[in-house]
Amino acid sequence: MPYPDEAEGFQVDGPGTFTEFHKRAYKLKPFGDYDVDVKIEACGVCGSDVHTISGGWGDQKFPLCVGHEIIGRAIRVGSKVTLIQEGQRVGVGAQSYSCGECKQCRHDNETYCPVQSMDTYGSEWPDTGIISQGGYSSHVRTHEHWVFPIPDALDSHTVAPMLCAGLTAYSPLVRNGTGPGKKVGIVGLGGIGHFGVMFAKALGAETWAISRSRAKEADARQLGADGYIATAEEGWELPHRFSFDLIINCANSSEGFDLPRYLSMMDVHGRWISVGLPEEEGQVIKAQSLIANGVLIGASHLGSRREMLDMLQLAADRGLKGWVEEIPIGEEGLKEAMLRMKKGDVHYRFTLTGYEKVFG
C-alpha cells in the first residue's frame, strides 16, 4: 500500500464519464500535529457525490474521489490530538477543516466558517496544491475536530449515512426548537428526509411526512411519522393552514413545487428551512407569499461537532438506524450506485462495504 504518503481510491475523470471509476494512488496532504488518519471500513453514498461528479453542481477539480460519510479506524494520530485515540472507530463527514478561530468557529457554527472551510473532497489544501479526496478510498486524513467517535451501539453500515444526511436533517431540527408541543413537517422522504422524520419524532415533536403521493406513507409511519400529507391530492394544504411550527424541505427537486401552498401551512413566524440542493434554479419567492403568516424562510448547512456527537448519541440511545442497502465497493458497485441514485432507485441510502477485500 502507498500509505502513509498516499492513499488508493476510486476516482472519476469528469462528468462525461461519471459512472467510470478508476482505482488509483494519489498523494495525501502532509501529516500535521492535529491530524488523524482513518483506515476506511465503510462509506455512505450521498446525493452530493452524484451531483458533484455528474456535473450538476458545476465545475470540479478532477480527477476526484468522492464520498463523505466515512466510517473507519483511527490508525494514526498527531502529537497534539486530544479528541481521538488511536484504534477508535470513528466517522468523517462532509467537512474536514475550518479555521477554528473566527466567531463562527468559536460558537459552534464552524460549518459556516467564512475564513477557511474545507470540504472532505474537492477542496485544495492550502500551500500544497493537493486536492482533498473522499471516502471511496483506503484512507482519509482529517483534522481531529472533524473526526467523530462512533458509539458502540451503532452498526457501521447503518450509521455511515448519518455523517452527512443525518446531520443535515438533525441540525436544523434542534436549532429551530424541535421538541414536545411542536408540529414539524418533513418534505421529501428520501435519503435526508427519512432521517428527518426519524429524528423529529425522537426529539418529541408531532411529526408529519410530506410527499407527492401516498406511495411512501407506510414507510413514513414505520419511521415514526404521526401524519402524512400527499401533495398530489386536492386541497392537501387546507386542513393544515397556520399549524406547522417548522418544516424542513429535503426535496431533491424543485420541479412543479408550489411553494406558496406549502408556506400557507406555517404558523405565524413559523420557519421553512431548506436543506436539499436541487440542480434546478428553484422557486420564485414573493413577499405576497410570506406576509399572511409572516413565515420565515431559511436554510441549513451540515452541523457542528457538538450536534454531530449529540445526534450519534441520540441514535445510540434510541436504537435509530438509517434504512440502508449495502453495495460492495469496486468499479461495478460504484457504477450501480451512481445509476440507481440518478434514477432515485434507493430505499433510502446506500453504504459501500467490503473495503478490506479491495484495499487490504
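What counts, and at which threshold
Residues numbered from 1 in each chain as written. Predicted model: local features only at pLDDT ≥ 70, side-chain atom pairs only at ≥ 80, totals over all residues. Heavy atoms only, no water. UniProt positions renumbered as here; feature names shortened; annotations may be inferred. Helix = DSSP H or I, 4+ residues; strand = E, 2+ residues; numbered from the N terminus. Pairing = 2+ DSSP bridges. Axes fitted to C-alpha atoms, helices over the stretch in contact; angles between N-to-C directions. Contact = heavy atoms within 4.5 Å. Core = buried A, V, L, I, M, F, W, Y, C linked by side-chain atoms within 4.5 Å. Buried < 20%, exposed > 50% of the residue type's maximum accessible area, 1.4 Å probe, protein only. Parallel < 35°, antiparallel > 145°, perpendicular 65-115°, else oblique. Nonpolar A, V, L, I, M, F, W, Y, C, P; charged D, E, K, R; others polar.

**What about the UniProt feature "domain: Alcohol dehydrogenase-like N-terminal" (unreviewed entry) in the chain?**
Per the UniProt record, "domain: Alcohol dehydrogenase-like N-terminal" (unreviewed entry) is found at residues 33-152. Secondary structure content for residues 33-152 is 9% helix and 30% strand, and the end C-alpha separation is 27 Å.

**Overview of the sheet that holds strand 10 (residues 183-187)**
Pairing is parallel in the open sheet, where six strands are placed in the order 12-11-10-13-14-15. Of all the strands in the sheet, the pair left with one neighbour each is strand 12 (227-230) and strand 15 (296-299). Taken over all neighbouring pairs, the strand axes of this sheet differ in orientation by 20 degrees on average, direction set aside. Pairing between strand 10 and strand 13 (residues 244-249): four bridges, direction parallel. Bridging from a neighbouring strand, G185 pairs with I247 of strand 13. In the packing of helix 4 (residues 165-175) onto the sheet, contacts are made with strand 10, strand 13 and strand 14 (266-274), and the angle to strand 13 comes to roughly 160 degrees.

**Section: the UniProt feature "domain: Alcohol dehydrogenase-like C-terminal" (unreviewed entry) in the chain**
Under the feature "domain: Alcohol dehydrogenase-like C-terminal" (unreviewed entry), the UniProt entry names residues 191-316. Its end C-alpha atoms 19 Å apart, residues 191-316 is made of 27% helix and 23% strand.

**Section: the nonpolar core**
One recurring pattern in soluble globular proteins: nonpolar side chains tend to sit buried together. Ranked by internal contacts, the top residues of the largest apolar core, which has 46 residues, are L173, F199, I248, M311 and L312. For this core, the elements supplying multiple residues, two or more each, are helix 4, strand 10, helix 5 (193-202), helix 6 (217-223), strand 12, strand 13 and helix 8 (305-318). Leave out the neighbours within four places in its chain, and L173 touches T178, V184, I186, G196, F199, A200, L203, L246 and I248. Within the second largest apolar cluster, 39 residues are counted, among which are A7, F21, V81 and I131.

**Comments concerning the packing of helix 4 against helix 8**
Between helix 4 and helix 8, the least distance of the axes is 10 Å, while the angle of their chain directions is 100 degrees. Here helix 4 lies roughly perpendicular to helix 8, going by the angle between them. Two secondary-structure elements touch here, helix 4 through G166, L167, Y170, S171, V174 and R175 and helix 8 through E307, M308, D310, M311 and L314. Partitioning the contact of helix 4 with helix 8 into residue classes produces six nonpolar, two polar and three charged.

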